[in-house]
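# Structural features, examined
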Amino acid sequence: MAELSHALRQAKEQLALPVIEMSRNSGLTAVTIRGVLTGKNDPRLSTLMTLAEQLGLEVMLLPKAVAATIVAKPTAPAEVQSLVSAALARQRKQS
């Protein structure tokens with residue numbers, strides 16, 4: 001459950017979606033959503049599917065053999081480089 005909650009929280013943070021908005025759009029209470037996102041609640045499948053839909057995710061069941069071959073790539077926010085950082089990087093490349 002901790003992995004599931006973590007994945008849901010990451011998706012929520014990337015979308016900058018407030019819990020209250022998720023609640024309004026899904027019909028779930030804010031208490032339920034917070035409970036699932038923190039890992040305190042063990043959600044029903046329908047609740048999990050509703051949250052996944054709100055976050056642009058899909059709930060899937062895979063055979064274990066298939067799931068074992070899937071490697072998760074960490075998602076890192078795009079780095080915004082300042083003009084100074086870009087100039088320093090160019091200088092290092094030229095050296």
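Residues numbered from 1 in each chain as written. Predicted model: local features only at pLDDT ≥ 70, side-chain atom pairs only at ≥ 80, totals over all residues. Heavy atoms only, no water.

### A look at the overall build of the chain
The helix and strand inventory of the chain stands at 6 helices and 0 strands. Relative to all contacts within the chain whose residues are 6 or more apart in sequence, the contacts with residues 24 or more apart total 51%. Total accessible area on the chain stands at roughly 7700 Å², and carbon and sulfur atoms take up 58% of it. (Helix = DSSP H or I, 4+ residues; strand = E, 2+ residues; numbered from the N terminus. Contact = heavy atoms within 4.5 Å. Areas by Shrake-Rupley, 256 points an atom, 1.4 Å probe, with all protein chains shown as cover.)

### Describing the nonpolar core
Core analysis: the biggest nonpolar cluster contains 13 residues, and Leu8, Val19, Met22, Ile33, Leu37, Leu51 and Leu55 have the highest contact counts within it. Elements with a minimum of two residues in this core: helix H1 (2-15), helix H2 (19-26), helix H3 (30-38) and helix H4 (45-54). Element by element, the count of residues in this core is highest for H3, at 4 residues. Filtering out sequence-adjacent residues up to four positions away, Leu51 remains in contact with Met22, Leu28, Ile33 and Val36. (Core = buried A, V, L, I, M, F, W, Y, C linked by side-chain atoms within 4.5 Å. Buried < 20%, exposed > 50% of the residue type's maximum accessible area, 1.4 Å probe, protein only.)

### So, the packing of H1 against H3
Contact pair H1 / H3: the axes reach a minimum separation of 7 Å and the direction vectors enclose 115°. The residues of H3 that touch H1, namely those facing Ser5, Leu8, Arg9 and Lys12, are Val36, Leu37 and Thr38. Looking at the contact of H1 with H3, its residues break down into 3 nonpolar, 2 polar and 2 charged. (Axes fitted to C-alpha atoms, helices over the stretch in contact; angles between N-to-C directions. Nonpolar A, V, L, I, M, F, W, Y, C, P; charged D, E, K, R; others polar.)

### Quick look at unusual backbone geometry
For Ala16, which is not glycine, the phi torsion reads 50° and is therefore positive. Position of Ala16 relative to the elements: it lies in the loop between H1 and H2. The class of Ala16 is exposed, set by a relative accessible area of 61%.

### A short note on H2
Since the α-helix turns once every 3.6 residues, residues separated by three or four places project in the same direction. For H2, the complete set of buried residues consists of Val19, Met22, Ser23 and Ser26. Each buried residue of H2 sits inside an arc of 100° when the element is viewed along its axis, so together they form one side. On its buried side, H2 packs onto H1, H3 and H4. Following H2 by one or two positions, Gly27 adopts a phi angle in the positive range, close to 85°. (Arc of directions from axis to C-beta.)

### Some points on the confidence of the model for the chain
Here the chain averages 87 in pLDDT, and 88% of its residues register 70 or above. Put simply, helix H6 (residues 83-94) is where the chain has its lowest mean pLDDT, 79, and H3 is where it has its highest, 96. (pLDDT = per-residue confidence, 0-100.)

### A closer look at H3
Buried within H3 are the following residues: Ala30, Ile33, Gly35, Val36 and Leu37. Elements that come into contact with the buried residues of H3 comprise H1, H2 and H4.

### What to know about the side chain of Ser23
Following the sequence through the fold, Ser23 ends up in helix H2. For Ser23, the contacting residues outside a window of four places in its chain are Leu28, Thr29, Ala30 and Ile33.

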